[in-house]
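Understanding the architecture of this molecule
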Amino acid sequence: MKRKNLVNIVLLLMAGALVAADLLIDTPEFGTAFTQFRLPRVMAAFITGICLSMCGLALQTLFRNPLAGPFLTGVTPGASFTVALLLMAGGGVFAGSALLENLGLAASGMIGGAAVLLIQLSVSRRHGGMFTLLLTGVLLGYLFGAGVEILQSFAGAEQLKSYTMWGLGSFSIPMKQIPFYTGIALCGTLWIVYQRHRLDAYLPGDTYAQNAGVDLQRLRLGLILATGLMAGASTGFCGPIGFVGMVAPHLARALIKSNSHGQLWLTTALCGAVLCLLADTVAHFAVPGIQLNVNAVCALLGAPMVLWVILRSR
Amino acid sequence: MPKYRFPCVYLQLPMQAFRGIVILVSLLMAACTPSTRRLQLPDNVTWSRPAHSRLFMPGHRGQDSFLALRHPDDSSRWLQIIHWGSGSTPDGCIHLKNRKTVAAMSAVFTGMMEELGATTMLTGIDNLRYPTTPLTRRRIKAGSVTELAPTGTLDKEKLLRLKPDITLAYYIDNKGAEQWETLEKAGLTVVYCQNFLESHPLGRAEWIRAFGWLLGRPQQAEAVFDMVREHYESTRAAVASLDEPKPAVLCNAPYSGTWDLPSGDSYMARLIADAGGAYIWASKPGAGHFTLGLETVFKEAGDADIWINPGGCRNLDCLRSMDKRLGLFAPVKNQRVYNNTAITTGEGGNAWWDYAVSRPDLALKDLARIFHPLQFPEHQPVFFEPLK
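Right, let's walk through the structure included here. Just so we're clear, the structure is a prediction, and the values are computed from it rather than from any experiment.

On to the overall build of chain A. Counting secondary structure elements, chain A contains 13 helices and 0 strands. N-terminal to C-terminal, the α/β element order of chain A is α-α-α-α-α-α-α-α-α-α-α-α-α. Over its C-alpha atoms chain A spans a radius of gyration of 19 Å, differing by no more than 12% from the 20 Å that the globule rule assigns to 314 residues. With the C-alpha coordinates aligned to their principal axes, the bounding extent of chain A is approximately 55 × 50 × 35 Å. Here chain A, with 314 residues, has 51% of them falling under the buried criterion. Sequence separation of at least 24 residues holds for 77% of the intrachain contacts in chain A that already meet a minimum separation of 6. Carbon and sulfur atoms make up 69% of the accessible area of chain A, which amounts to about 13600 Å² in all.

Across the sheet, which stays open at both edges, the 5 strands sit in the order S14-S11-S16-S17-S18 (chain B) with mixed pairing between neighbours. Every interior strand has two partners, whereas the edge strands, strand S14 (278-279) and strand S18 (385-386) of chain B, have only one.

Each partner contributes to the interface: chain B provides 21 residues, whereas chain A provides 22 residues. Where chain B abuts chain A, roughly 2100 Å² becomes buried across the two surfaces, and 56% of that area is made up of carbon and sulfur atoms. Among the residues chain B hides against chain A, the three largest losses belong to Tyr255(B), Glu295(B) and Arg325(B). Together they make up 33% of the total. At the boundary of chain B with chain A, the tally comes to 3 salt bridges.

Leu168(B), Leu250(B), Ile308(B) and Phe329(B) are the most contacted members of the largest nonpolar core, which has 86 residues in total. Among the elements that make up this core, the one with the highest residue count is helix H15 (residues 360-371) of chain B (7 residues). Apart from the residues lying within four places of it in its own chain, the contact partners of Ile308(B) are Val249(B), Leu250(B), Cys251(B), Asn252(B), Met268(B), Ile272(B), Tyr338(B), Leu367(B) and Phe384(B). Within the second largest apolar cluster, 85 residues are counted, among which are Ala68(A), Val83(A), Leu86(A) and Leu216(A).

So, how was this worked out
Residues numbered from 1 in each chain as written. Chains lettered and ligands numbered in written order. Predicted model: local features only at pLDDT ≥ 70, side-chain atom pairs only at ≥ 80, totals over all residues. Heavy atoms only, no water. Helix = DSSP H or I, 4+ residues; strand = E, 2+ residues; numbered from the N terminus. Rg over C-alpha atoms; globule rule 2.2 N^0.38 Å. Buried < 20%, exposed > 50% of the residue type's maximum accessible area, 1.4 Å probe, protein only. Contact = heavy atoms within 4.5 Å. Areas by Shrake-Rupley, 256 points an atom, 1.4 Å probe, with all protein chains shown as cover. Pairing = 2+ DSSP bridges. Buried area = accessible area lost by both parts, 1.4 Å probe. Salt bridge = Lys/Arg side-chain N within 4 Å of Asp/Glu carboxyl O. Core = buried A, V, L, I, M, F, W, Y, C linked by side-chain atoms within 4.5 Å.

Spelled out as structure tokens, the structure:
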């Protein structure tokens, strides 16, 4: 059996085992508690893992940079800022309409994420390089972080608490948001899969890509829209979840020893799903009676992996 | 794998210079460590231990008065000892030169000042939006009170220009304490009122005696507190003698799927127990709070009888809009949800956070009425309103 098929099967089994564990630990009754609380949470963890990992893969290709990911490139801080605008200053602007509420969160995240990507793209085209990308991402992170802090100065106590708790990250979203979230993840992922050959041609450089017949403008715009949508939706629904976007593609490359997007996409998506499911399981069940912060657990799992990537790349 | 080399090689320093720098930096750090000399209670002072509070203690020595404030992190240490009178000020004590003007860093303090009839002393407050008590609001409207921290950050220059005789402050962490130390060095008399750390409702209310001492109104303070304590204890006794089941009580609201809940020995848990309710997590140890997921709370409290303090919501639609799944909780279905939002200013001020601290007897009666409506039909709730 080919290595990549074996790896994908193992990852699929791991994801399945984590889904089962997350669903069944602590013997839930298969009633309302299961269908309205446990099941949507596990599904959201799975979908978020796929969204963020595919974003990371697309961003690492777009910027031709192994450290690109939704957090370090500033996409998540940008999405967080626009979501904060909605949560703290927008108030009940979409109250009464479930569709608008869902769209509002995802759209606000997408606008912020896409805006940051456009800035990053124009900077990287003038001054390419890993250092420039990271510096711009960090600076944009500071800029939007400052914007959020100013918003917090004027927010009321309830809005402040609402934003703070959202910022800790949580996969606990209502079931009614799952179909919408799934749709976004599916559209973004399918688009990236559809562009896999063009992405392979894009990776070596602009000249190579153009010679291979790739419309660079269209490809970049499409990538920005797809990643902005997925990163924005996952940030809007679940809060800013770190590390998964950057780590999952590297894990996938290390496992199947390939840079081909046609082979990478499924492994990347499964790696992301496994990471998020693992973080969710640990956050809920590692310490009996206490729920840990999902973002903190992602960082505990992801940071050593990021260090490994950096050391390995030297 | 490259061979590990001692850091001085990378800095191209001789080993001796490197050692010298390390020793010098260590000495500097040791010298900069603040002194931890312990404050001692002055001699020959007659102290009177409060009945419920564990964080302050008034005393007197002849005509001179003292107020000792215990360190919140270490009950064997004293945070401050304040001296008022013409006698010599013992070592380490803070001498209160004057008590005509007061800056208060919390609406809790202005609430107690109003109970003591000392509102005219108020010249500064952290945020003008938060006090709800009428005389304080009138004074704010008249422009007699300076706002010192409208966005949460203290404007130190404004406070120094105001020069209040007493600044009633509190701190949550060391960073907060450090900012007050610099103001003390600049000449302000800062009194740390850590009453929010008292877990007993009467313990928090008893701080009115400390304020009474500080502001020169000890008799008023004793009278107010005696009245509050008597009413509180009589309600508690009346509830304890009831022969009916205690309702299961759920508290607070979730944010992004996470629910912050008071622990079993906390202020809120104590109020619920004294009002004849059965708080679902009464056995959780600690006087602070803990966190559970929405799913766990639904499993353990989905069938609760009563839900109180659900965040900022004033109606059930608001609750459902926070998360549709909250509509699955029994109290929402049975319309037995109550919030402490009956008296609000519309600008963020809520009487639960200032007036209720000085009047826990009213808060207790409100809750007793909610938990046992047939037993206290004559009482009109002051702080709580039902969510419809």
